[in-house]
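What follows is the residue order along each chain.
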Amino acid sequence: MLGAIIQVLISGFVIGALARWAVPGPDPMSVPMTILLGVFGSFLGGGIAAAIFGAQQDSGSIFAILIGSILASMLLLIGYRRFVQKRPITGPEAQRAPSERAHFGTLLGAPGGQAERQDDVAEQLRKLEELHRDGVLTDEEFEAKKAELLARS
C-alpha cells in the first residue's frame, strides 16, 4: 500500500514536471502542486487513453497512456495559467512572471487580500463613474452607490 502511494507521488511529480517543461514560460509552483498537476493529469489523460487504446500491458498502450497523461497535465497547466493567473499562453506576456495575487487559492474560493479588495472597489468606482457620466445613473443614485461601496471597503 505504501509502495503504491509512493509510486503515484513519484509518477505524478515526473509527469507534472514534464508538463511544466513542455509549456513555455515561468510557472513558479511548489513540489506538491507539481505532483497534483501530474496526478490529476494522469487520471484524466491516462484514463481517456486507456479507454481509447485499451489498458493492456503492451508497450503501445502504456506509451499512449503516458502521452495522454502528459498532454492532459499540459492542458491543466495552460488552464491554470489562463484562468487563475490571468496570463496569456503565448507571446511576450506569457514570459512574464505571474503576479503575487495569482495563486491557486483564488480558484478554490479563498478570500483575497486587502490589496485585492481595494482594487475591486476602485474598479467598481470607475464603472460607477462611467455610468454616471453616461447619464445612466442620477446624481443621487451615484452618490448612494459610491457611499455603499466605500462603506464596505
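To start, this report covers the structure provided alongside it. Small disclaimer: the values here were computed from a predicted structure and weren't measured.

The subject of this paragraph is a nonpolar patch on the surface. A cluster of nonpolar side chains, namely Met-1, Leu-2, Ile-5, Ile-6, Leu-9, Ile-10, Phe-13, Val-14, Leu-18, Trp-21 and Val-31, defines an oily patch on the protein surface of about 1,200 Å² accessible area. Along the chain, the position of Leu-2 falls in helix α1 (residues 2-22).

Time to look at the nonpolar core. Grouped together as the largest cluster of nonpolar side chains are 10 residues: Ile-15, Ala-19, Val-23, Met-29, Leu-37, Ile-70, Met-74, Leu-77, Tyr-80 and Val-84. Those elements giving two or more residues to this core turn out to be α1 and α3 (59-84). The element that contributes the greatest number of residues to this core is α3, accounting for five residues. With six residues, the next largest nonpolar core counts Leu-125, Leu-128, Leu-137 and Leu-149 among its residues.

On to the side chain of Arg-81. Mapping Arg-81 onto the fold places it in helix α3. Given a relative accessible area of 1%, Arg-81 falls into the buried group. Ignoring anything within four residues of it in the chain, the contact list for Arg-81 reads Val-23, Pro-24, Gly-25, Pro-26, Asp-27, Lys-86, Arg-87, Pro-88, Ile-89 and Ala-94.

In this fold, Arg-87 is placed in the loop between α3 and α4 (104-107). In terms of polar contacts, Arg-87 uses its side chain to reach the backbone carbonyl oxygen of Pro-26, at 2.7 Å. Discounting chain neighbours no more than four positions away, the residues touching Arg-87 are Pro-26, Asp-27, Arg-81, Arg-82, Ala-94, Arg-96, Ala-97 and Pro-98.

With that settled, the discussion passes to a negative patch on the surface. There is a patch of like negative charges on the surface, built from Asp-139, Glu-140, Glu-141 and Glu-143. As for its placement among the helices and strands, Glu-140 is situated in helix α6 (residues 139-152). For Glu-140, a relative accessible area of 60% puts it in the exposed group.

Cut-offs and rules
Residues numbered from 1 in each chain as written. Predicted model: local features only at pLDDT ≥ 70, side-chain atom pairs only at ≥ 80, totals over all residues. Heavy atoms only, no water. Patch = residues over 30% accessible without salt bridge, like charges linked within 9 Å, V, L, I, M, F, W, Y side chains within 5 Å. Areas by Shrake-Rupley, 256 points an atom, 1.4 Å probe, with all protein chains shown as cover. Salt bridge = Lys/Arg side-chain N within 4 Å of Asp/Glu carboxyl O. Helix = DSSP H or I, 4+ residues; strand = E, 2+ residues; numbered from the N terminus. Core = buried A, V, L, I, M, F, W, Y, C linked by side-chain atoms within 4.5 Å. Buried < 20%, exposed > 50% of the residue type's maximum accessible area, 1.4 Å probe, protein only. Contact = heavy atoms within 4.5 Å. Polar contact = N/O pair within 3.5 Å; in protein donor to acceptor, adjacent residues only side chain to side chain. Lys, Arg positive; Asp, Glu negative; His and termini not counted. Charge placed at Lys NZ, Arg CZ, Asp CG, Glu CD.

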